[in-house]
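Read off the chains here:
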Amino acid sequence: MDRVAKLHDDEVEIDTSLVERLVAEQFPQWAGLPARVVEGSGTDNVTFRLGDELSARLPRTESTQGQVEKDLLWMPRLAPHLPVAIPEPLQLGEPGQGYPFSWGVYRWLPGRPFDATSDDAVALAPQVAEFVRSLREVDTTGAPVPSDNPFDRGTPLAPRDAMFREALDELREYFDTGLLLAAWEESLAADTWDGTPAWIHGDLMSGNVLVADGKLSAVIDFGTARAADPAGDVLAAWFLFEGESRRAYRAALEVDDDTWLRARGWALSLIAIPYYRHRNPDAISGGQEYIADVLSDFAGR
């Protein structure tokens, strides 16, 4: 029985046995399919592979439920406009077996997580940019929009300023806080976007960008997809790329300086690291490398 490690204080218990019981009870046509935890499942939902062709996604907390319902509404509308596969929800599961939230069964999408160090990263950068451009062109009528929550991607940096400075003070032993603050304030100065909101994915990280046979094959986890500032997907310059591939991504998207700085400000934001410092210690070591990479862009300017 693979029990999922908790990342949040209010997270419910989730394991493979629970998933198999839920499937057998609610979708008997798939009863007996073995469930396996997908390594690197996200902080909002846990993904399990069901047999060879399916997957199940279960919210970790009450605040992160509702993703399957959103996917059932929007994935069929977005899919025809996009150059690669995106999640295909098949069934909405109900609470049961002691599990309190709705959950979903999806078609399994093959591919490996994007690797910035691979030989094909530079060639993949324009393909990711093509996905972003295609998503931006989709009609936003009725699309979700950012809330007042300063954690929502594609929103202004200014509401995060106080939290950024507080987090910076907590992490002085790990980072050059003077350099970080200078880079942050440069991005704040460019925080003046007043354009037309466009669809963004908002979470183009390695685990959500899949590659097969040297080509972009799928983009998954649209939990942060909404109509917002397009800088929300310029974030992928740091989340996904490095060095030459980062430059290739920026060139393919034709990113202007202010959009680049807004995206870099989001990338610099440290406010999640104190939260995960004890829940996920790798966040500090990984964060140090990541922040150093972001700061190299600031130094280069």
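Cut-offs applied
- Residues numbered from 1 in each chain as written.
- Predicted model: local features only at pLDDT ≥ 70, side-chain atom pairs only at ≥ 80, totals over all residues.
- Heavy atoms only, no water.
- Pairing = 2+ DSSP bridges.
- Helix = DSSP H or I, 4+ residues; strand = E, 2+ residues; numbered from the N terminus.
- Contact = heavy atoms within 4.5 Å.
- Axes fitted to C-alpha atoms, helices over the stretch in contact; angles between N-to-C directions.
- Buried < 20%, exposed > 50% of the residue type's maximum accessible area, 1.4 Å probe, protein only.
- Polar contact = N/O pair within 3.5 Å; in protein donor to acceptor, adjacent residues only side chain to side chain.
- 1 Å grid on protein atoms, 1.4 Å probe; cavity = no way out; pocket = protein on both sides within 12 Å on 5 of 7 lines; lining within 4 Å.
- Points joined across faces, edges and corners; volume = space filled by probe spheres on them.
- Nonpolar A, V, L, I, M, F, W, Y, C, P; charged D, E, K, R; others polar.
- Left-handed = near helix turned anticlockwise from the far one by under 90°.
- Core = buried A, V, L, I, M, F, W, Y, C linked by side-chain atoms within 4.5 Å.
- Expected span 1.5 Å × (residues − 1).
- Salt bridge = Lys/Arg side-chain N within 4 Å of Asp/Glu carboxyl O.

(A) Looking closely at the sheet that holds strand S8 (residues 209-212). Spatially, the three strands line up as an open sheet ordered S6-S8-S9, and their pairing is antiparallel. A single partner strand is all that each edge strand has here, and the edge strands are strand S6 (112-113) and strand S9 (215-219). Two strands pair when backbone bridges link them, and S6 and S8 are joined in this way by two bridges, in the antiparallel orientation. Its bridge partner being in S8, Pro113 is matched across the sheet by Leu210. Packing of helix H3 (residues 121-136) onto the sheet brings it into contact with S8 and S9, and relative to S9 it is tilted by some 35°.

(B) Structural detail: the side chain of Thr224. Along the chain, Thr224 turns up in the loop between S9 and strand S10 (226-228). Residue class for Thr224 comes out buried when judged on its relative accessible area of 19%. A distance of 3.5 Å separates a polar atom in the side chain of Thr224 from the backbone nitrogen of Asp203. Residues within four places of Thr224 in sequence aside, it is in contact with Lys70, Ile200, His201, Gly202 and Asp203.

(C) Up close: empty space enclosed by the protein. The full count for this structure, using the stated rule, is one cavity of 30 Å³ or more. Computed from the structure, the largest cavity encloses a volume of approximately 50 Å³. The wall of the largest cavity is formed by Gly154, Thr155, Pro156, Leu157, Asp191, Asp229, Ala231, Gly232, Leu235, Arg262, Ala263 and Trp266. Looking at the lining of the largest cavity, the elements that each hand over two or more residues are helix H6 (231-234) and helix H9 (257-268). Considering every element that reaches the lining of the largest cavity, the biggest residue donor is H9, with three residues. Residue composition of the lining of the largest cavity, grouped by class: six nonpolar, three polar and three charged.

(D) View of the packing of H3 against helix H8 (residues 243-253). At their nearest, the axes of H3 and H8 sit 8 Å apart, and the two run at 30° to each other. Note on packing geometry: the crossing formed by H3 with H8 is right-handed. Listed contacts from H8 to Ala121, Val122, Ala125, Pro126, Val128, Ala129, Val132, Arg133 and Arg136 of H3 are Glu244, Ser245, Ala248, Tyr249, Ala252 and Leu253. Here the residues of the contact of H3 with H8 are counted per class, giving 11 nonpolar, one polar and three charged.

(E) Representation of the nonpolar core. By size, the foremost hydrophobic cluster in this structure holds 56 residues, and its most contacted members are Leu78, Phe131, Leu204 and Tyr249. Looking at which element gives the most residues to this core, the answer is H3, with eight residues. Excluding residues that lie within four positions of it along the chain, Tyr249 makes contacts with Ala125, Val128, Ala129, Val132, Leu204, Asp233, Val234, Ala236, Ala237 and Phe241. If you look at the next biggest cluster of nonpolar residues, it comprises 20 residues, including Ile14, Leu54, Ala56 and Tyr99.

(F) View of H9. Taking 1.5 Å of rise per residue, 12 residues should cover 16 Å, and H9 covers 16 Å from first to last C-alpha, within 8% of that figure. Within H9, 10 of the 12 residues are buried, which leaves the element mostly enclosed by the surrounding structure. Every buried residue belonging to H9 is among Thr259, Trp260, Leu261, Arg262, Ala263, Arg264, Gly265, Trp266, Ala267 and Leu268, and all of these are buried.

(G) Layout of the pattern of salt bridges. Counting across every chain of the model gives 13 salt bridges. One salt bridge connects Arg165 with Asp161, and the closest N-O pair in it is separated by 2.9 Å. Pair noted here: Arg165 and Asp161 are both in helix H4 (residues 161-170), with a separation of four residues, about one helical turn. What makes Arg165 partly exposed here is its relative accessible area of 33%. In this structure, the salt-bridge partner of Asp257 is Arg250, at a minimum N-O distance of 2.8 Å. Take Asp257: its relative accessible area is 45%, and that puts it in the partly exposed class.

(H) Local environment of the pairing of S8. Two strands pair when backbone bridges link them, and S8 and S9 are joined in this way by four bridges, in the antiparallel orientation. Looking at S9, one finds that Val211 is bridged to Leu216. What sits between S8 and S9 in their antiparallel hairpin is a turn of two residues, with Asp213 showing a positive phi close to 55°.

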